[in-house]
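Overview (structure and organization)
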Amino acid sequence: MKLNLYQQVLARLYEVTGGKDSQTVDLKDLVKKEGFLGSYPEIFQSLSVQSWIMETSKADYVRMTHWGIKEAKKIMSGAPDSADLLKKEASKLLQKTKELLNAVEEFAGDTSPEKFAQIEKNIEELKSIASALKINV
């Protein structure tokens with residue numbers, strides 16, 4: 001899995017802190033050592049918006065949050081990130097919606113109980129996919 005810039009910095013931050021939310025780190029210095037100083041404002045902003053880091057009273061010093069530690073562990077374990085999972089679930093939702101449309105078109109031509117049962121089955125599957133998406137959104 002190829003890490004984006006923010007994930008790389010978060011993983012490095014995790015390594016430097018030993019995965020402890022009590023450790024403070026000069027994020028600007030860390031980013032500089034990693035060769036991304038020009039992107040520091042964007043990196044800081046992104047990690048903050050995701051609630052992966054928390055500012056301290058000292059300028060440019062941060063601590064990892066519980067969520068940042070959790071995300072860093074996931075990144076380092078090679079687990080797919082939530083955006084990838086959402087895309088897969090959204091693709092499933094699209095496919096199942098197309099299947100539902102086909103079932104409805106078939107039912108319009110043949111109003112048998114079997115055709116209606118297929119519509120109900122597709123609707124239940126859509127509900128299940130939507131529930132999975134809702135958890136991850």
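Residues numbered from 1 in each chain as written. Predicted model: local features only at pLDDT ≥ 70, side-chain atom pairs only at ≥ 80, totals over all residues. Heavy atoms only, no water.

A word on the pattern of salt bridges. Taken as a whole and judged by the stated rule, the model has ten salt bridges. Among the ionic pairs, Arg12 bridges to Glu15, the shortest N-O distance being 3.1 Å. One end of the pair is Arg12 and the other is Glu15, both in helix α1 (residues 5-17) and three residues apart, which spans about a single turn. For Glu106, the salt bridge identified is with Lys115, shortest N-O distance 3.2 Å. Look at Glu106 and you get partly exposed, because its relative accessible area is 43%. Residue Lys115 is classed as partly exposed on the basis of its relative accessible area, which comes to 25%. In the salt-bridge network here, residues are joined through shared partners; they are Lys96, Glu99, Lys121 and Glu125. (Salt bridge = Lys/Arg side-chain N within 4 Å of Asp/Glu carboxyl O. Helix = DSSP H or I, 4+ residues; strand = E, 2+ residues; numbered from the N terminus. Buried < 20%, exposed > 50% of the residue type's maximum accessible area, 1.4 Å probe, protein only.)

Here three strands make up an open sheet; going across it, the order is β1-β3-β2 and the pairing antiparallel. This sheet does not close on itself; its edge strands, each paired only once, are β1 (24-26) and β2 (53-55). Direction aside, the axes of adjacent strands within the sheet are offset by 40° on average. Pairing analysis gives three bridges linking β1 to strand β3 (residues 61-64), with the strands arranged antiparallel. Residue pairing across strands places Asp26 opposite Tyr61, the latter belonging to β3. Helix-sheet contacts for helix α2 (residues 27-34) involve β1, β2 and β3, and the interaxial angle to β1 is about 55°. (Pairing = 2+ DSSP bridges. Axes fitted to C-alpha atoms, helices over the stretch in contact; angles between N-to-C directions. Contact = heavy atoms within 4.5 Å.)

Right, let's talk about the packing of aromatic side chains for a bit. Scanning all chains against the criterion turns up two aromatic pairs. Ring centres 6.0 Å apart and planes at 40° place the aromatic pair Tyr40 and Phe44 in the tilted group. A residue pair is termed a helical-turn pair when its members lie 3 or 4 positions apart in one helix, as Tyr40 and Phe44 do in helix α3 (residues 40-49) at four residues. An identical accessibility class is assigned to Tyr40 and Phe44; each is buried. (Phe/Tyr/Trp six-rings, centres within 6.5 Å; stacked < 30°, edge-to-face > 60°.)

What follows deals with the nonpolar core. Of all hydrophobic cores here, the largest spans 20 residues; its most connected members are Val9, Leu10, Leu13, Leu27, Leu47, Ile53 and Met64. With five residues, the top contributor of residues to this core is α1. When neighbours within four sequence positions are excluded, Leu10 is seen to be in contact with Leu47, Trp52, Met64, Gly68, Glu71, Ala72 and Ile75. (Core = buried A, V, L, I, M, F, W, Y, C linked by side-chain atoms within 4.5 Å.)

Here the focus is unusual backbone geometry. Non-glycine residue Ser51 carries a positive phi angle of around 65°. The backbone of Asp60 sits at a positive phi, close to 70°, despite the residue not being glycine. Mapped onto the elements of the fold, Asp60 is located in the loop between β2 and β3.

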